[in-house]
Amino acid sequence: MDLIISLVINGLATGMLIFLLAAGLTLIFGLMDVLNFAHGGLFVWGAYTGIFSYAYTGSFIVGIVVAILTGLVFGFIMEKLIITPVYGNHVQQILITLGFMLVLQEMIKVFFGPNVVAVKVPEYLAGSWQVGDIIIIKYRIFIIIFGFIVFGLFHYILTRTKVGLIVRAGVMNKDMVQALGINIKRIFLFVFMTGAALAAVAGVLMAPYSGSIYAELGMEYAILAFIVVVIGGMGSFQGSLFAAILVGLAGSFMAYYVPYLSLAVNMILMAVVLIFRPQGLFQAAKG
Amino acid sequence: MNKPILLSRSNLILFIIFLALIAFPFVMDSRTLTILLTQILIFGILAMSYDILLGYTGIVSFGHAMFFGIGAYCTAIMLNDFESTIGVFLGSIVVGMIIAGILSFLVGLLTLRLKSHFFAMLTMAISGLLLVVAEKWRDVTKGNDGFTFKAPDVFKDRIVFYLVVLALLVIVFITLKRFVNSPLGRVLIAVRENEQRTKSLGFKTLYYKVIASIVAGVIASLAGSLYAVSLRFVNTSVLTMEITLDALLMTIIGGVGTLIGPLIGSVVIESAQHYLSGLARDFPIFERWIIFFGIIYILAVIFFPKGIAGTLQSKYYQWKAKKVQTTNVVPLSKNKESSE
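Owing to the predicted nature of the structure, the values given are computational and were not obtained by experimental measurement.

The rules behind each value
Residues numbered from 1 in each chain as written. Chains lettered and ligands numbered in written order. Predicted model: local features only at pLDDT ≥ 70, side-chain atom pairs only at ≥ 80, totals over all residues. Helix = DSSP H or I, 4+ residues; strand = E, 2+ residues; numbered from the N terminus. Rg over C-alpha atoms; globule rule 2.2 N^0.38 Å. Buried ≥ 20, exposed ≤ 12 C-beta atoms within 10 Å, placed from the backbone. Contact = placed C-beta atoms within 7 Å. Expected span 1.5 Å × (residues − 1). Pairing = 2+ DSSP bridges. Axes fitted to C-alpha atoms, helices over the stretch in contact; angles between N-to-C directions. Left-handed = near helix turned anticlockwise from the far one by under 90°. Nonpolar A, V, L, I, M, F, W, Y, C, P; charged D, E, K, R; others polar. Core = buried A, V, L, I, M, F, W, Y, C linked by C-beta atoms within 7 Å. pLDDT = per-residue confidence, 0-100.

So, about the overall build of chain B. Helices and strands together make up the secondary structure of chain B, namely 14 helices and two strands. Against the 2.2 N^0.38 benchmark of 20 Å for 340 residues, chain B shows a C-alpha radius of gyration of 20 Å, consistent with a compact globule. Dimensions of chain B along its principal axes, counting C-alpha atoms only, are 55 × 45 × 45 Å. Counting the 340 residues in chain B, one finds 47% classified as buried. In chain B, the share of contacts with a sequence separation of at least 24, taken over all contacts with a separation of at least 6, comes to 78%.

Here is the structure:
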């Protein structure tokens, strides 16, 4: 039982990180019909800028804020320079965002060096609680709570505010939204920047969790995020939370019981979903 | 074809280049250059196979490294476990091709009915899975440490190996040329241009796409086998995304939808890698030479979707004769997404 609880906590924490990454991906896809293969690059940029400013100032919160800013700035630049010229052409989108991913990953090595950077958990989040026989690592709880807060916040924005209404309407039918006199291009930019910021936050939160960061990390997590987006359904916000938790839990249990299968299980999940339900488990209504 | 004069002239140029390449190692007695050229030719084969998918059929696969890796491992393992003779080498190429063919058939059947996004993601994921399997299955692959093996004695001489690779490249080039100009190849181009329409004309597009994926996978496996022998060493890096990215960069920069383009791309990328890494001692920024190519690649996708070869070729056709329709090269940018 103790074991199961700690595995669940592990899985939830990983799941939340993947969710932060996948949420941006799924909204961008749902709204703009763009699959951003450079999302992992934003993730790793968030991790590096956040961690370096955390090391410089000594405050983890500053690190998170810097990561958010990095995400917003990169999101802005990317949408304007990279995405706008290739709207509506899927093959070019895939090619160009992957190329940008490559550039982002190599730029990390130029600016921060190619070596693995060790990261410590901030003091007030380090350590663990002991409840009975169960050891609960504080930082994991922090990630889980943070993830749920972000989910709650975005859920609120999407369902209760005007911006959210426009975004949801845009996912359903963007031409209609445009026809109703709303500048959908500006909404695109806004969503893209938010998605990028979410990816960057996921990066900076992941760094103390895994203990070290390196440039190729982005690609590894991006693959997990793709799997989540496919399982959850492209464009579905709730779907990506559900699928992220599913992938996180499956990963943590498999890593303990059948370590050889830990990555395979996600792939198998995705393959099964793609074959039997190519639109994903939760498909956002498309007009 | 309706342009025999043009064809024969370009064939003549190719033939002269071919002769020059044969003569090269005898004229220039440089070991480094021979090795570099061998590398260029091997990656040229890989890039050509990738172009069958990207340039001719219009599907983006991010899992091409898996076929390359299968070829490399087949050859390495067989040469290591059995005698290292020419016979085993040829046998290992055939075995690698068969495995790659079966795998690409299965993967293709499973994934090619999906839309381009999903296909790209799924191939990336399957290739990532294969990489993990290779890392874990240490009894056979020795993981990331890899292992060295003895190449057949004949290949001890770099020049002999170079000539073998060159001969194989020419065979692959001619075969693929025949393939893309065959009726079947024309259907692939039609799929690229407008899949919906091809379907409505009565072609089973899935069937044709699977064939393209098998051809590409088999040729990539051949490139992998040659690569392993050229290094006399293999590790899991042959399965990484980097190999796919190399093929992608070469194809895009060289020119999609032409067979000569990927070869040009291979020359550009491999020699740049060689010389720019040499410059890195003085200018550390060249250590990350891939950035320049990433940027050039992005610019190429936006501004020169036809790449070097495609742009030159269409310029040439425009200049040469307006009545000759450029049926060979249709820019990727015109590739309307039909799957939506």
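Next comes the rest of the write-up.
What follows deals with the overall build of chain A. On a plain count of helices and strands, chain A comes out with eleven helices and four strands. Reported as C-alpha extents along the three principal axes, the dimensions of chain A are approximately 60 × 45 × 35 Å. Counting all 287 residues of chain A, 51% fall into the buried class. The contacts in chain A between residues at least 6 apart in sequence include a share of 77% that link residues at least 24 apart.

Before going further, it helps to examine the interface of chain A and chain B. Chain A puts 32 residues into the contact, and the matching count from chain B is 33 residues. Looking at the side of chain A that touches chain B, the element that brings in the most residues is helix H4 (residues 90-112) of chain A, giving 14 residues.

Residues and elements named next belong to chain B. Its identity is not glycine, yet Arg232 carries a phi of approximately 55°, on the positive side. Position of Arg232 relative to the elements: it lies in the loop between helix H10 (205-231) and strand E2 (233-234). We classify Arg232 as partly exposed; it has 15 C-beta atoms within 10 Å.

A separate point is helix H9 (residues 217-232) of chain A. Turn by turn, an α-helix covers 3.6 residues, leaving residues three or four places apart pointing in a common direction. Residues and elements named next belong to chain A. Across its 16 residues, H9 extends 23 Å between first and last C-alpha, which sits within 8% of the 22 Å expected from 1.5 Å per residue. The buried fraction of H9 is high, at 15 of 16 residues. Looking at the residues trailing H9, positive phi occurs at Gly233, about 100°.

Residues and elements named next belong to chain A. In this sheet, strand E3 (residues 134-137) lies alongside strand E2 (residues 128-131) in antiparallel orientation, the contact comprising four bridges. Directly across from Gln130, in E3, lies its bridge partner Ile135. In sequence, E2 turns back onto E3 through a hairpin of two residues, with Gly132 there showing a positive phi of about 60°.

Residue and element names in this part refer to chain B. Two elements in contact, helix H3 (residues 65-81) and helix H4 (residues 86-111), have axes separated by 8 Å at closest approach and are oriented at 145°. Crossing of H3 against H4: the hand is right-handed. Contacts from Phe67, Ile70, Gly71, Cys74, Thr75, Met78 and Leu79 in H3 reach Val88, Phe89, Gly91, Ser92, Ile93, Val95, Gly96, Ile99, Ala100, Leu103 and Ser104 in H4. The residue makeup of the contact of H3 with H4, split by class, is twelve nonpolar, six polar and no charged.

The next subject is the packing of helix H1 (residues 2-32) of chain A against helix H10 (residues 237-257) of chain A. All names here are of chain A. Viewed as axis vectors pointing N to C, H1 and H10 meet at an angle of 145°, and their least axial separation amounts to 7 Å. As for how H1 packs across H10, the hand of that crossing is right-handed. A per-class count over the contact of H1 with H10 returns 16 nonpolar, nine polar and no charged.

All names here are of chain A. Formed by 198 residues in total, the largest nonpolar core has its most connected members in Ile18, Leu21, Ala200, Ala225 and Val228. Among the elements that line this core, the one with the most residues is helix H8 (residues 184-210), at 17 residues. Setting aside residues up to four positions removed in sequence, Ala225 forms contacts with Ile18, Leu21, Ala22, Leu25 and His39.

All names here are of chain B. Taking 1.5 Å per residue as the helical rise, H4 with its 26 residues ought to reach 38 Å, and the 36 Å between its terminal C-alpha atoms agrees with that figure. Listed as buried for H4 are Phe89, Ser92, Ile93, Gly96, Met97, Ala100, Leu103, Ser104, Val107, Gly108 and Thr111. Residues of H4 that are buried make contact with H3, helix H5 (116-136) and H10.

Another aspect to go through is the environment of Leu231 of chain B. One can find Leu231 of chain B in helix H10. Separated by 180 residues in the primary sequence, Leu231 of chain B and Asp51 of chain B place their C-alpha atoms 25 Å from one another.

Below, the discussion takes up the environment of Pro25 of chain B. You can see Pro25 of chain B is positioned in helix H1 (residues 4-27). Residue classification places Pro25 of chain B among the buried residues on the basis of 21 C-beta atoms within 10 Å.

Further remarks concern the confidence of the model for chain B. Residues and elements named next belong to chain B. Taken residue by residue, chain B gives an average pLDDT of 81. The fraction at 70 or more is 91%. The element-level mean pLDDT for chain B is lowest in H1, coming to 74, with H10 highest at 90. Between residues 334-340, whose pLDDT stays under 50, and residues either more than four places distant or in other chains, the model counts 13 contacts. Both scores are given for the predicted complex: the pTM is 0.81, the ipTM 0.76.

With that settled, consider the environment of Tyr73 of chain B. Residue and element names in this part refer to chain B. Mapped onto the elements, Tyr73 comes out in helix H3. By C-beta crowding, Tyr73 is classed as buried, having 25 other C-beta atoms within 10 Å. A C-alpha to C-alpha distance of 9.2 Å links Tyr73 and Ser92, two positions 19 residues apart in sequence. What Tyr73 contacts, discounting residues up to four positions off in sequence, is Thr141 and Val234.

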